[in-house]
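# Notes for the structure review
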Amino acid sequence: MKNFELLAMGLLLSGQIAFAQTAEKPAKPATTKPVVEQSWKKIPIPPLHAFKPVQPRRIQLSNGMVIFLQEDHELPFISGSILIRGGSRDEPADKVGLVGLYGQTWRTSGTAATNGDILDDRLEAKAAGLETGGGSASTSLSWNSLKGDFDSVFATAVDLLLHPAFSKDKLQLAKRQMEAGIARRNDDANGIAGREAAQVVYGKNSPYARHAEYATIEAVTLDDLKSWHDRTVVPNNIILAVSGDFDGATMEATLRKTFEPLQKGTPFETSKSEFLGPTPGVYFVNKTDINQSNVFIVGLGTERSNPDYYALNVMNEIFSGGFGSRLTQSVRTKLGLAYSVGGSYGSAYDHPGMFRVGAGTKSTNTVATTQAMLDEIGRLKTVPPTADELRNAKEQVLNSFIFNYDSRDKTLNEQVTLAFYGYPTDFLEKYKEGIEKVTAADVSRVANKYIVPSKLAIVVVGNESELTPPLSKLGKVTTLDITIPPPPGRASQ
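Report follows, based on the coordinates. Quick caveat, the model's predicted, so the values are computed rather than measured.

Criteria and cut-off values
Once a new chain begins, its residue numbering starts again from 1 and follows that chain's sequence as written. Residue-level local features of this predicted model are given only where pLDDT is at least 70; pairs of side-chain atoms are given and counted only at 80 or more, and the full residue set underlies all totals for whole chains, interfaces and linings. Only hydrogens and water are set aside; all other atoms, that is, all heavy atoms of the structure, feed into the side-chain values. Whether two strands pair comes down to DSSP finding at least two bridges between them. Here a helix means four or more residues in a row that DSSP labels H or I, a strand means two or more in a row labelled E, and each is numbered from the N terminus. An axis is simply a line fitted to the C-alpha atoms; with a helix, the fit covers only the stretch in contact. Between two such axes, the angle follows the N-to-C directions and lies from 0 to 180 degrees. What makes two residues a contact is simply this: any of their non-hydrogen atoms within 4.5 Å. Salt bridges are identified by distance alone: a Lys or Arg side-chain nitrogen within 4 Å of an Asp or Glu carboxyl oxygen. Three exposure classes are used, based on accessible area relative to the maximum for each residue type with a 1.4 Å probe and protein chains only: buried under 20%, partly exposed in between, and exposed over 50%. Patch building starts from residues that exceed 30% relative accessible area and form no salt bridge, then joins like charges within 9 Å and nonpolar side chains (Val, Leu, Ile, Met, Phe, Trp, Tyr) within 5 Å. Method for areas: the Shrake-Rupley scheme with a 1.4 Å probe, in which residue coverage is limited to the protein chains shown. Definition of nonpolar core: a set of buried residues of the types Ala, Val, Leu, Ile, Met, Phe, Trp, Tyr and Cys, connected through side-chain atoms within 4.5 Å. Note on angle classes: values under 35 degrees are labelled roughly parallel, values over 145 roughly antiparallel, values of 65 to 115 roughly perpendicular, and the remainder oblique. The handedness criterion is simple: a crossing whose near helix is rotated anticlockwise from the far helix by less than a right angle is left-handed, and one whose near helix is rotated clockwise is right-handed. Asp, Glu, Lys and Arg are counted as charged, while Ala, Val, Leu, Ile, Met, Phe, Trp, Tyr, Cys and Pro are counted as nonpolar; the rest, among them Gly, fall into the polar class. In this analysis, the expected span of each helix is defined as 1.5 Å times one less than the number of residues it contains.

Time to look at the sheet that holds strand β3 (residues 77-85). Reading across the sheet, the six strands line up as β1-β2-β6-β3-β5-β4 and stay open at both edges, with mixed pairing between neighbours. Bordering the open sheet on either side are β1 (57-60) and β4 (129-134), each of which pairs with just one other strand. Sheet twist, expressed as the mean angle between neighbouring strand axes with direction ignored, is 15°. Bridge count between β3 and strand β5 (residues 138-146): nine bridges; the pairing is antiparallel. Bridge assignment links Ile84 to a residue of β5, and that residue is Thr139. Across the sheet, helix α4 (residues 150-162) touches β3, β4 and β5, and the angle it forms with β5 is around 160°. Docked against the sheet, helix α9 (residues 248-259) engages β1, β2 (66-71), β3 and β6 (238-244), running at close to 155° with respect to β2.

Moving on, we get to the pattern of salt bridges. Per the stated rule, a full pass over the model turns up 23 salt bridges. The partner of Arg256 in a salt bridge is Glu252, and the shortest N-O contact between them spans 2.9 Å. With Arg256 and Glu252 both in helix α9 and four residues apart, this pair spans about one turn of that helix. A residue is classified by how much of its surface remains accessible, and Arg256, at 28% relative accessible area, is partly exposed. Salt-bridge contacts for Arg379 lead to Glu376; the nearest nitrogen and oxygen are separated by 3.3 Å. With Arg379 and Glu376 both in helix α12 (residues 366-382) and three residues apart, the pair spans about one turn of that helix.

Before going further, it helps to spend a moment on a nonpolar patch on the surface. Taken together, the side chains of Leu75, Phe77 and Leu146 make up a nonpolar region of the molecular surface, amounting to roughly 270 Å² of accessible area. Locating Leu75 in the fold gives a position in the loop between β2 and β3.

Here we take up the nonpolar core. Counting 50 residues, the largest nonpolar core has Met315 and Met373 as its most contacted members. Contact partners of Met315, with chain neighbours within four places excluded, come to Tyr345, Leu380, Val443, Val446, Ala447 and Ile451. In terms of nonpolar packing, the next biggest core, distinct from the first, is built from 47 residues, Leu69, Leu130, Val242 and Leu255 among them.

This next bit is on the packing of α4 against α9. Packing of α4 against α9 brings their axes to within 12 Å, and their N-to-C directions diverge by 30°. When the axis of α4 is compared with that of α9, the two are roughly parallel. In this structure, α4 meets α9 at a crossing whose hand is right-handed. Listed contacts from α9 to Phe150, Phe154, Val158 and Leu161 of α4 are Met251, Thr254, Leu255, Thr258 and Phe259. Taken together, the residues that form the contact of α4 with α9 break down as seven nonpolar, two polar and no charged.

With 14 residues, helix α14 (residues 408-421) ought to run about 20 Å at 1.5 Å a step, and its terminal C-alpha atoms sit 20 Å apart, in line with that. Regarding α14, the residues found buried are Thr411, Leu412, Glu414, Gln415, Val416, Leu418 and Phe420. Residues of α14 that are buried in the fold lie against β2, β3, β5, β6 and α15 (427-436). Positive backbone phi, at 75°, marks Gly422, one or two positions downstream of α14.

Now for unusual backbone geometry. The omega angle of the peptide bond from Thr468 to Pro469 is -5°, so this bond is cis rather than trans. Its place among the elements puts Pro469 in the loop between β12 (457-462) and β13 (477-479). In this structure, Ala127 takes a positive phi of about 55° despite not being glycine. In this structure, Ala127 sits in the loop between α3 (116-125) and β4. On the accessibility criterion, Ala127 (62% relative accessible area) is exposed. Even without glycine at this site, Phe166 takes up a positive phi of about 50°.

Bear in mind that shape data such as this cannot, by itself, settle questions of function.
This is the structure we're talking about:
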């Protein structure tokens with residue numbers, strides 16, 4: 001009984017305490033949720049600094065060779081590059097691949113005095129590099145070394161430039177490697193789409209779209225490599241650039257002594273091409289081993305010398321520049337139709353680039369995704385950019401542009417490129433001002449002037465058996481044959 005009484009008293013006491021606590025607690029007044037001030041939005045954003053990169057010094061020799069010197073004493077390295085006019089766009093149609101083979105064989109063969117394998121060992125011992133290569137508009141030779149090894153590495157680079165060996169076994173090795181690439185070129189669906197899109201825009205036989213085949217590679221001989229070298233490696237066809245830890249006057253004297261005795265040759269001239277753009281329609285590649293589609297909507301782009309280049313850059317950023325662009329927000333975020341989506345209004349230095357809008361999507365969404373991208377293209381022409389879109393696009397373009405030239409090496413490379421294509425030396429400095437002047441009206445104007453839906457083509461790489469609805473919903477379909485022609489004397493693959 002005693003225990004029961006104690007328990008009862010405990011319960012009564014705890015109840016009285018709880019009641020007292022409840023009674024003493026004042027009623028909670030009704031309050032509204034406090035507004036959280038987004039103070040980060042009030043952080044002032046200063047204007048970008050004036051764009052004044054340290055420019056290299058330009059020298060022109062009496063034989064026409066152009067030299068750029070960019071001193072940079074931060075690290076004890078010196079690097080150099082030689083850019084030579086003439087590239088794959090200039091090789092014969094029946095020997096496509098010649099420049100690629102030339103660029104590789106040139107280095108691996110070595111010089112008349114030292115073969116490529118010995119060069120590898122000597123350069124490796126110095127932690128130095130020496131490379132050659134071939135591109136669309138040029139071939140190149142480049143080297144890099146510690147400052148203390150400059151004299152010997154530079155001498156080797158000059159020897160390779162002026163006295164290449166071009167050995168038969170290294171040419172055969174380069175051919176086998178290039179053939180291995182041909183054999184694999186239909187493995188990647190996105191690679192197929194990009195390759196076929198270029199041919200649709202520029203034309204199958206265009207120097208800007210054609211690609212090497214087994215037969216064109218086999219047609220290349222050692223004499224072709226030697227003839228190409230003799231034709232292109234003349235001083236008035238070369239731009240030489242050196243950067244790093246050196247004294248400018250001493251380096252200039254060294255380069256003059258080395259290259260000024262060379263005799264001027266015939267300037268290399270690139271044949272002019274005609275650019276008509278694609279024939280509108282749907283172009284399809286049936287790839288049965290995939291369960292998704294790669295879609296490109298393509299047309300001709302522009303050249304960087306176009307006065308509308310700045311407005312087109314801003315337009316492109318608004319339309320397809322990143323996660324905040326109209327294309328991504330609509331096709332990927334809002335509609336959920338694509339794994340990836342993007343685009344660009346391409347601009348090359350001396351020929352029209354390519355306008356391309358692309359997406360990766362599952363097979364059953366192919367038509368819907370394509371139509372959504374076409375709708376956004378139409379909207380770009382009819383709906384002017386908002387003030388926020390314009391401001392954000394210009395900031396994105398300018399902020400990213402600066403990082404392309406945030407070192408002396410990058411500025412040097414750009415000046416070499418501008419000189420190669422005949423652009424003014426202040427082209428970079430004018431870019432910031434050109435972008436800042438773009439208005440919403442400019443964006444609408446260039447969108448309507450340069451993007452013409454009736455001149456666009458659609459390229460799709462997908463699995464035909466999984467495409468529902470069919471591509472014919474988008475227009476007349478042309479099936480593209482991507483069969484790889486077999487090597488001469490062998491059966492078709």
